[in-house]
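Residue-level listing of the chains:
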Amino acid sequence: MRRKSILITGAAGEVGQALIQQLAAQGADNLLTVDVRPLPAALNGKATHYQADILDKTIFDRLVIDYDITTIYHMAAILSTSGEFNPMAAHSVNVEGTMRLLNLAAEQSDWKREPVKFIFPSSVAVFGMQNLDNKAKHPRPQEWEWNYPITMYGCNKLYGETLGVYFAKHYKQLAETEPTMVDFRCVRYPGLISAFTVPSGGTSDYGPEMLHAAAQGQAYECFVRPDSAIPFMAMPDAITAVIQLAAAPREKLTRQIYNITAFSLSAEEIAARVQAHFPATQISYEPHLKRQRIVDSWPIDMNDDAARRDWGWKPAYDAERSFDEYLVPNIRARYAK
Ligand SMILES: NC(=O)c1ccc[n+]([C@@H]2O[C@H](COP(=O)([O-])OP(=O)(O)OC[C@H]3O[C@@H](n4cnc5c(N)ncnc54)[C@H](O)[C@@H]3O)[C@@H](O)[C@H]2O)c1
């Protein structure tokens, strides 16, 4: 008998690791994970891990023989800055990889005659504000506004969302009223900050990098201007959000794609919070033109009213609590070891 399982791709990444911890803490003992990297030793025994490339079709052919996949958290991706270094590779992983997983979900649900849940983390990178004036005038875009991404990653995520909606509402369906094959549910994350992992390859990385550097007594050279402002979220909220969205009754969901956010800060506001806790930290600014342009194209905030209304989204960590109760104490403890 095939075992009912939850599949997590990109499991060795920042979000993947935190998601495994949380699902395992909630009692899930059926986690199946895939990543090109091994899982860190701290996650031993919490998941059955396959070290494999999502572009390798044979891995999924093998998995479906042994497992009945009920939910897919598709976290694997090449992030915004990395994607600009190698757009073709980003396109392969972010688009072809997503298509492969959506197709797996469709095949599984077709075979079982019941929908497979597909949880997709999209990003603030799908927005593309035209210039700083426009960014200031439209600080809190709705899901459908200003969808003009300027990175390969943002284009890929926007198309991934579109593919997800296609599979949810149109794939092999003669009418929208026919049952959903793939129960596609998507959050658009802002920049995420974890106390336990250090990011790489993203364009919001200056936030977490500043904190991790300060806790190690290092100076930090920030790659964007002090006034650069975008939305952020502490990792525990990012994990709560996808678990909560996966658990929401389908009939409550009025859409497939939801903006979610927690707080917005400029680089200098982050620096001030960091220096309040680590007063000796030296922070300087040396904007990197390409990364600055990307951050300038992202909105200051996102309108997440629909998520709040439909499935009760509410971040537990505002800026104050994120720094004072989650980030600073845990990052201090991490580097004190
Ligand atoms: N971290 C953020 O600030 C942020 C913001 C918005 C959206 N997101 C989205 O959340 C998801 C998780 O992000 P993260 O911060 O954990 O990123 P991450 O870079 O830490 O993790 C991504 C993981 O995907 C894996 N991966 C990449 N290519 C793969 C492939 N071909 N096959 C198998 N595994 C592959 C990597 O090895 C890595 O472990 C991503 O989809 C990302 O786009 C993240």
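Now for a look at the structure at hand. (Residues numbered from 1 in each chain as written. Predicted model: local features only at pLDDT ≥ 70, side-chain atom pairs only at ≥ 80, totals over all residues.)

### Topic: unusual backbone geometry
- Residue Trp146 is not a glycine yet carries a positive backbone phi of 55 degrees.
- The class for Trp146 is partly exposed, based on 18 C-beta atoms found within 10 Å.
- A positive phi angle, near 55 degrees, is found at Lys172, a position not held by glycine.
- Position of Lys172 among the secondary structure elements: in the loop between helix H6 (152-169) and strand E6 (182-189). (Buried ≥ 20, exposed ≤ 12 C-beta atoms within 10 Å, placed from the backbone. Helix = DSSP H or I, 4+ residues; strand = E, 2+ residues; numbered from the N terminus.)

### Quick look at the environment of Val295
- Among the structural elements, Val295 can be located in helix H10 (residues 289-297).
- Sequence separation of Val295 and Ser204 is 91 residues, and the distance between their C-alpha atoms is 7.5 Å.

### Side note on the packing of helix H1 (residues 14-25) against helix H8 (residues 235-247)
- Closest axis-to-axis distance for the H1/H8 pair is 10 Å, and the angle between their directions is 65 degrees. Here H1 lies roughly perpendicular to H8, going by the angle between them. By crossing handedness, the relation of H1 to H8 is classed as right-handed. For the pair formed by H1 and H8, the contact residues are Val15, Ala18, Leu19 and Gln22 on the first element and Met235, Ala238, Ile239, Val242 and Ile243 on the second. (Axes fitted to C-alpha atoms, helices over the stretch in contact; angles between N-to-C directions. Parallel < 35°, antiparallel > 145°, perpendicular 65-115°, else oblique. Left-handed = near helix turned anticlockwise from the far one by under 90°. Contact = placed C-beta atoms within 7 Å.)

### Side note on the sheet that holds strand E11 (residues 263-266)
- Taking strand neighbours across the sheet as the criterion, the three strands line up as E7-E9-E11 in an open arrangement whose pairing is mixed. Every other strand in the sheet has two partners, leaving strand E7 (191-193) and E11 as the edge strands with one partner each. Strand-to-strand twist across the sheet, computed as the mean angle between neighbouring axes with direction ignored, equals 45 degrees.
- Sheet analysis places strand E9 (residues 229-234) next to E11, joined by four bridges and oriented antiparallel. Considered in E11, the bridge of Pro231 is made with Ser264. (Pairing = 2+ DSSP bridges.)

### With respect to the nonpolar core
- Ranked by size, the top nonpolar core spans 100 residues in total, and within it Ile8, Ile72, Phe118, Val182 and Met210 carry the most contacts.
- Per-element accounting of this core gives the leading share, seven residues, to H6.
- Setting aside its immediate chain neighbours within four residues, Met210 contacts Tyr220, Cys222, Ile270, Ala271, Val274 and Ile283. (Core = buried A, V, L, I, M, F, W, Y, C linked by C-beta atoms within 7 Å.)

### Quick word on the environment of Asp301
- Relative to the assigned elements, Asp301 resides in the loop between H10 and helix H11 (305-311).
- You can call Asp301 partly exposed: it has 18 C-beta atoms within 10 Å.
- Along the sequence, Asp301 and Ala229 sit 72 residues apart, while their C-alpha atoms lie 8.4 Å from each other.
- In contact with Asp301, not counting residues within four places along its chain, are Pro139, Arg140, Pro231, Thr261 and Ser264.

### Looking at the sheet that holds strand E5 (residues 116-123)
- Within the open sheet, the seven strands sit side by side as E3-E2-E1-E4-E5-E6-E10. Their pairing is parallel. Both outer strands of the open sheet, strand E3 (48-51) and strand E10 (257-259), are each paired with one neighbouring strand and no more. Ignoring strand direction, the axes of neighbouring strands in this sheet form an average angle of 20 degrees.
- In this sheet, strand E4 (residues 67-74) lies alongside strand E1 (residues 3-9) in parallel orientation, the contact comprising seven bridges. Note on E4: the bridge partner recorded for Ile6 is Thr71.
- Strand contacts of helix H2 (residues 57-66): strand E2 (31-35), E3 and E4, with the helix running at about 130 degrees to E4, the strand carrying the most contacts.

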